[in-house]
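# Results of the structural survey
Each chain is listed here by its residues.
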Amino acid sequence: MKKVKVGIVGLGRLGIEHARNLAFKIPNAELIAVCSVVQEEVDKVQREWGIPYGYTNYDEMIKNEELEAVAVLSPSPFHVKQIVSALDAGLHVFVDKPLGVTVEECREAEKAVERNEDKVFMVGFMRRYDPSYAYAKKLIDEGRIGKPFLIKCTSCDPEHTIDGAIRFAATSGGLFIDMAVHDIDLARWYLGSEVDQIYAIGGSYVHEEFAKYGDGDNVCSLMKFKDNSMALFYAGRDAAHGYQVETEIVGTKGSLRIAAEPAKNMCKIFDNNGVVSECSQSFQERFSEAYVIEMQEFINCIVEERKPDITVYDGTKNTEVAFAATKAFQENIVVQL
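Please read these numbers as outputs of a predicted model, since none were measured by experiment.

### Here's the deal with the overall build of the chain
The secondary structure content of the chain amounts to 12 helices and 15 strands. Relative to a compact globule of 337 residues, whose C-alpha radius of gyration would be 20 Å, the chain shows 20 Å and is just as compact. Seen through its C-alpha atoms, the chain measures out along the principal axes to roughly 50 × 50 × 45 Å. Across the 337 residues in the chain, those meeting the buried criterion constitute 55%. The long-range fraction of contacts in the chain, counting pairs at least 24 apart against all pairs at least 6 apart in sequence, stands at 71%. Accessible area of the chain: about 15200 Å², with a carbon and sulfur share of 52%. Side chains of the chain carry 37 positive and 52 negative charges; the gap between the two charge centres is 4 Å.

Now the structure itself:
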């Protein structure tokens, strides 16, 4: 079996998850290099997993002639620069969302992909690879609910992770680009149309720290699509019960609901608290399978010399819509795309 030799930059919460998947769960991938600005993170992974190459400088890593591909899991402001340099160095590239922190940056990434069209490029919108979301897409394509005309999305981080959200508030881009962008991608995917008009509201109801960055801890958006379909989005940072991602797609002949209850598993506890369903507590836990399938698809595309369904243009469009929603929220206006 051909194994694609991969390097990864960024060993934070999601980076270490992808690194572990590449090292141990994807048979046709071989993680040979890790990069982080934190030397201790590099040393720990190399020591415990037996990774041959470790770097604190990304530009040095992509000079490694054994590398065939890189996974970019660094902080968002570094994405486009690292995408461009890797593609131009002849490497296949996987990058986590967002594609860029401005639409202009996304255009730079598009140009790099276009001039390196022989390389596989993939943006990490992992919900498309979650088995439940993928099954819903199959049902929609088969016409099981008729023509979808409304999607309702909820994405909530748990309160116990709020310190990290506050710490990165200055660079996160806000709730729409940081969290709701996944729902925006799903809405475009399921509805098969593009956003036309956007209205957004919200505020810093629990943690006022977000207000000084033009952000909120809970926000909502209503979007009209070009085919007159609708989308409702709610994103929050302080759910008491845990991590929750819920989606409903309404069509002319029926509807689909995905994860209506953010259950940790199928077990229910019967005790002095009543009947209790434990909830997922993190995105890593909820989407662990999706992250494996997503990265497996990236590696398979390289081996099979084909391109993934998610393109650089999806990354740009999702970013454009998310920033338009941020503008609508900050200025209390309807934004026309």
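Further notes follow.
### Some remarks on the layout of surface pockets
Gaps between atoms show up when a probe of the same size as a water molecule is rolled over them. Taken as a whole, the largest pocket holds about 1400 Å³ of empty space. Lining the largest pocket are 46 residues, with Leu73, Ser74, Pro75, Ser76 and Phe168 sitting closest to its centre. Listed by contribution, the elements that provide at least two residues to the lining of the largest pocket are helix H1 (13–24), helix H3 (58–61), helix H4 (79–88), helix H7 (162–167), helix H8 (169–172) and helix H9 (175–191). By residue number, the principal contributor to the lining of the largest pocket is H9, which donates 4 residues. Residues belonging to the lining of the largest pocket are distributed by class as follows: 20 nonpolar, 15 polar and 11 charged. Taken as a whole, the second largest pocket encloses approximately 220 Å³ of empty space. If you list the elements that add at least two residues to the lining of the second largest pocket, you get strand S11 (244–251) and strand S13 (263–271). Top contributing element to the lining of the second largest pocket by residue count: S13, with 5 residues.

### Structural notes on the sheet that holds strand S5 (residues 92–96)
Overall, parallel pairing links the 6 strands, which are arranged S3-S2-S1-S4-S5-S6 in an open sheet. What marks the edges here is a single partner per strand, and that holds for strand S3 (53–55) and strand S6 (121–124). Each strand axis lies, on average, 25° off the axis of its neighbour in the sheet, ignoring direction. Two elements, S5 and S6, share 4 bridges in a ladder whose sense is parallel. Within S6, the residue paired with valine 93 across the bridge is phenylalanine 121. Each of strand S2 (29–35) and S3 touches helix H2 (residues 39–49); the most contacted strand, S2, lies at about 150° to it.

### Here we look at a nonpolar patch on the surface
A surface patch of nonpolar side chains, amounting to about 420 Å² of accessible area, comprises Tyr199, Ile201, Leu222, Leu232 and Val334. Position of leucine 232 among the secondary structure elements: in strand S10 (residues 230–239). Look at leucine 232 and you get partly exposed, because its relative accessible area is 36%.

### Re the pairing of strand S8 (residues 195–203)
Within a regular strand, side chains alternate between the sheet's two faces. Bridge count between S8 and strand S9 (residues 218–225): 8 bridges; the pairing is antiparallel. What sits directly across from valine 195, in S9, is phenylalanine 225.

Cut-offs applied
Residues numbered from 1 in each chain as written. Predicted model: local features only at pLDDT ≥ 70, side-chain atom pairs only at ≥ 80, totals over all residues. Heavy atoms only, no water. Helix = DSSP H or I, 4+ residues; strand = E, 2+ residues; numbered from the N terminus. Rg over C-alpha atoms; globule rule 2.2 N^0.38 Å. Buried < 20%, exposed > 50% of the residue type's maximum accessible area, 1.4 Å probe, protein only. Contact = heavy atoms within 4.5 Å. Areas by Shrake-Rupley, 256 points an atom, 1.4 Å probe, with all protein chains shown as cover. Lys, Arg positive; Asp, Glu negative; His and termini not counted. Charge placed at Lys NZ, Arg CZ, Asp CG, Glu CD. 1 Å grid on protein atoms, 1.4 Å probe; cavity = no way out; pocket = protein on both sides within 12 Å on 5 of 7 lines; lining within 4 Å. Points joined across faces, edges and corners; volume = space filled by probe spheres on them. Nonpolar A, V, L, I, M, F, W, Y, C, P; charged D, E, K, R; others polar. Pairing = 2+ DSSP bridges. Axes fitted to C-alpha atoms, helices over the stretch in contact; angles between N-to-C directions. Patch = residues over 30% accessible without salt bridge, like charges linked within 9 Å, V, L, I, M, F, W, Y side chains within 5 Å. Salt bridge = Lys/Arg side-chain N within 4 Å of Asp/Glu carboxyl O.

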